[in-house]
Structures are given as C-alpha cells and as structure tokens.
Amino acid sequence: MELSKGFVKAKNPCADGFRWFLRHHPQGNDYQPVLDALVADGRVEDACWLLAQFGPTHAVLRLDSLSCEAIVFAGAIEVRGNIDAGALVRAGRGIRASGAIRAGRDVVAGEAIVAGGAIEAVSVDAAGDLQATSVMADGAVRVGGQLRCARELVCRRDLDVGAQASVGGVLVVDGEVRVGRSLRVRDTLRTGASVRAVDGVLVDGAIDCGAHLDAGWGIRAGGPITARGAIRAGESLSAGGEITAGAGYGVYAGLCVQREDWASSARVSASARPADLLSGCWVEPVMEA
C-alpha cells in the first residue's frame with residue numbers, strides 16, 4: 001500500500017505529524033517504510049495512529065530474535081526466539097514468539113499473541129487469543145478471544161477476556177476481572193475489585209474478591225470464598241472453607257434457576273452455612289467418621 005499526501009491528509013492527521021510526513025516523504029511512500037521511519041524518529045504514537053487508520057496488511061516479519069526500542073508492524077510478527085523491546089511491540093495482525101515477550105511499555109496485536117515463554121509488559125492487548133507460560137503486567141490485560149496461561153498471571157489493573165480464561169497458577173488482579181465465558185484457575189484467585197464471569201467460576205484454591213463475585217452459572221472453590229461485596233451465582237455455590245460476603249451484602253445461589261429446582265441446581269455447600277445466605281438450597285457438610 002502506498003501512502004500519498006492526499007491519502008494521509010484525508011485521515012485528518014495532527015498538524016505536526018502531517019508536516020513530518022511532507023518533510024520526509026513529499027512524494028509519498030509505501031506503508032511499512034513510513035511506519036519504520038516514524039518509529040526510528042521517535043514518533044511511535046504517530047506510527048500507532050497511522051496503523052489504526054490504515055489497518056493491517058498480510059505481510060509477515062520472520063526473525064530468529066527481535067531486540068529493539070519499539071516496533072510497529074502492519075502485518076504479523078513471528079520470532080523463533082525472544083522478543084525484547086524497550087518500549088512498544090505492536091502488530092496489525094498476530095505476534096508469535098517461541099520464547100518470551102518483554103516490553104518496557106505495551107504489547108498490542110490485532111489478532112492473537114502467542115509466547116512459548118513469559119510475557120512481561122506494562123499492558124497486554126490481544127484482539128484474538130492470548131497464550132503464554134505466564135503473564136506479568138503492570139497495567140491492564142485485554143484479550144478478545146481465549147486466555148490460556150500455563151502458570152501465574154499477575155495484572156495490576158483490569159483483566160478483560162472475551163471468551164474462556166484458564167490460568168494454571170495463581171491469578172492476581174488489582175482491578176476488575178471480566179470474563180465472557182468461564183474462568184478456570186488452578187491455584188488461588190485474588191482481586192482488588194469485582195469478578196464477573198458470564199458462565200462459571202472454578203478455582204482449585206481460595207477466592208479473595210475485593211468487591212462483588214458474580215457468575216452466570218456456578219461458583220466452586222477448593223478453599224474459602226471471601227468477597228467484600230455480594231456473592232451471586234446463577235446456579236450452585238461450593239467452597240472448601242467458609243463463604244463470606246462483605247458487610248451488609250448477601251450470598252445468593254440459584255439466581256437463574258426456578259425455586260422448585262434449587263435442591264438439585266442451586267446447592268450451597270461450605271464448611272459452615274453462610275451468615276447472609278439469601279437464596280439457594282443449603283447442604284449440610286458431611287461429617288467424617
């Protein structure tokens with residue numbers, strides 16, 4: 001794709017950015033060379049703006065390893081080793097690395113992000129799936145498709161997942177957790193704000209939720225469930241310890257089940273009956289002989 005003066009001007013660029021384009025490419029230039037030139041000149045935000053305006057290409061950048069201050073590539077990035085960037089890694093399509101992906105700022109892809117190792121960045125944004133050994137983000141993590149993290153995921157702001165989310169270790173999120181399907185955590189779940197899963201929540205360890213805990217289906221934890229707000233399950237609710245809602249809030253099960261079906265589909269089980277259980281069918285714990 002060739003970017004002409006008129007083509008760029010039609011997108012209403014900022015005055016400074018358009019002056020840069022006229023000064024460096026008065027006769028126009030191909031799309032990717034302009035992106036590369038902007039990044040090389042320290043105008044990374046302008047490169048991101050250009051990519052947002054003109055969209056992805058089908059080009060593929062294949063490398064053994066990638067080490068740079070920043071990269072904005074209109075197509076897909078495929079690296080056989082690690083990706084290390086001082087600031088930004090952004091692709092119009094997918095980002096794939098057999099090793100780790102590390103960025104001093106953001107990792108952004110118009111499709112999936114797949115790493116054979118860890119992902120470490122300020123924020124991670126994949127319009128498609130996200131797959132990695134572990135994820136450490138000082139900001140937000142946004143996944144348009146499925147999330148598959150083999151070990152821990154630590155996120156200092158919100159976690160948004162459009163489909164299923166599976167975390168093989170601990171899940172620690174300082175902000176909110178919003179999942180478009182089910183949430184599966186094989187260790188403990190700890191958040192600073194609310195958790196909302198459209199389907200179910202299954203956690204092998206404890207759940208410690210900073211605000212409300214909501215699931216359209218059931219919620220099950222191998223340890224105690226503690227929330228600073230309400231605990232609401234569309235179907236059954238189960239914990240390996242106590243279930244405790246925040247002061248003044250209630251515990252609700254069977255919100256999507258008719259009352260005559262509570263005994264089978266809205267069961268509540270824990271080490272002790274929740275003090276604020278307001279709906280669902282309480283099941284006494286089985287005493288060991």
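The sections below set out a description of the structure shown in this document. Only a predicted model underlies this, so the values are computations on that prediction, with no experimental measurement involved.

## Let's talk about the overall build of the protein chain
Thought 1: Counting its regular elements, the protein chain contains 5 helices and 38 strands.
Thought 2: Taking all 289 residues of the protein chain together, the buried fraction comes to 50%.
Thought 3: Surface summary for the protein chain: the accessible area is close to 13,100 Å², and the carbon and sulfur share equals 48%.

## Section: the packing of helix α3 (residues 31-40) against helix α4 (residues 44-54)
Thought 1: Closest axis-to-axis distance for the α3/α4 pair is 7 Å, and the angle between their directions is 155°. Relative to α4, the element α3 is oriented roughly antiparallel. Two packed elements cross with a definite hand, and for α3 against α4 that hand is left-handed. Contacts between α3 and α4 involve Y31, V34, L35, L38 and V39 on the former and, on the latter, V44, D46, A47, L50, L51 and F54.
Thought 2: When grouped by side-chain class, the residues that make up the contact of α3 with α4 number 10 nonpolar, no polar and 1 charged.

## Description of the pairing of strand β6 (residues 76-79)
Thought 1: Sheet topology places strand β3 (residues 60-63) next to β6; 4 bridges connect them, and they run parallel. Opposite L63, over in β6, you have V79 as the bridge partner.
Thought 2: In this structure, β6 lies alongside strand β9 (residues 95-97), joined through 3 bridges in parallel fashion. Bridge pairing links I77 to I95 in β9.

## Some remarks on the pattern of salt bridges
Thought 1: Counted according to the given criterion, the structure contains 16 salt bridges.
Thought 2: Here R105 ties to D106 by a salt bridge, and the two come within 3.2 Å at their closest N and O atoms.
Thought 3: A salt bridge links R142 to D125; the nearest nitrogen and oxygen atoms lie 2.7 Å apart. Taken together, the residues span a long stretch of sequence, with R142 in strand β17 (residues 141-143) and D125 in strand β14 (residues 123-126) at a distance of 17 residues.
Thought 4: Look at R142 and you get partly exposed, because its relative accessible area is 38%.

## A short note on the sheet that holds β17
Thought 1: Overall, parallel pairing links the 12 strands, which are arranged β5-β8-β11-β14-β17-β20-β23-β26-β29-β32-β35-β37 in an open sheet. Edge positions in the open sheet fall to β5 (71-73) and β37 (277-279), since each of these has one partner strand only.
Thought 2: With 3 bridges connecting them, strand β29 (residues 213-215) and strand β32 (residues 231-233) associate as parallel partners. By the bridge assignment for β32, A215 is matched with A233.

## Some points on the sheet that holds strand β34 (residues 243-244)
Thought 1: Pairing within the open sheet is parallel, and its 11 strands lie in the order β4-β7-β10-β13-β16-β19-β22-β25-β28-β31-β34. Each end of this open sheet is capped by a strand with a single partner; those strands are β4 (66-68) and β34.
Thought 2: In terms of strand pairing, β4 meets strand β7 (residues 83-85) through 3 bridges, oriented parallel. Looking at β7, one finds that C68 is bridged to A85.

## Quick word on the side chain of S194
Thought 1: Along the chain, the position of S194 falls in the loop between β25 (189-191) and β26 (195-197).
Thought 2: S194 sits in the buried class, given a relative accessible area of 16%.
Thought 3: Polar contacts involving the side chain of S194 include one to the main-chain amide nitrogen of H212, which spans 3.2 Å.
Thought 4: Not counting residues up to four positions away in its chain, the partners in contact with S194 are G175, E176, V177, C209, A211 and H212.

## Some words on the pairing of β14
The side chains of a regular strand alternate, first on one face of the sheet and then on the other.
Thought 1: By the bridge criterion, 4 bridges tie strand β11 (residues 106-109) to β14 in an arrangement that is parallel. Bridging from a neighbouring strand, V107 pairs with V124 of β14.
Thought 2: As judged from the 3 bridges shared by β14 and β17, these two strands associate in the parallel manner. Note on β17: the bridge partner recorded for A126 is V143.

Calculation notes
Residues numbered from 1 in each chain as written. Predicted model: local features only at pLDDT ≥ 70, side-chain atom pairs only at ≥ 80, totals over all residues. Heavy atoms only, no water. Helix = DSSP H or I, 4+ residues; strand = E, 2+ residues; numbered from the N terminus. Buried < 20%, exposed > 50% of the residue type's maximum accessible area, 1.4 Å probe, protein only. Areas by Shrake-Rupley, 256 points an atom, 1.4 Å probe, with all protein chains shown as cover. Axes fitted to C-alpha atoms, helices over the stretch in contact; angles between N-to-C directions. Parallel < 35°, antiparallel > 145°, perpendicular 65-115°, else oblique. Left-handed = near helix turned anticlockwise from the far one by under 90°. Contact = heavy atoms within 4.5 Å. Nonpolar A, V, L, I, M, F, W, Y, C, P; charged D, E, K, R; others polar. Pairing = 2+ DSSP bridges. Salt bridge = Lys/Arg side-chain N within 4 Å of Asp/Glu carboxyl O. Polar contact = N/O pair within 3.5 Å; in protein donor to acceptor, adjacent residues only side chain to side chain.

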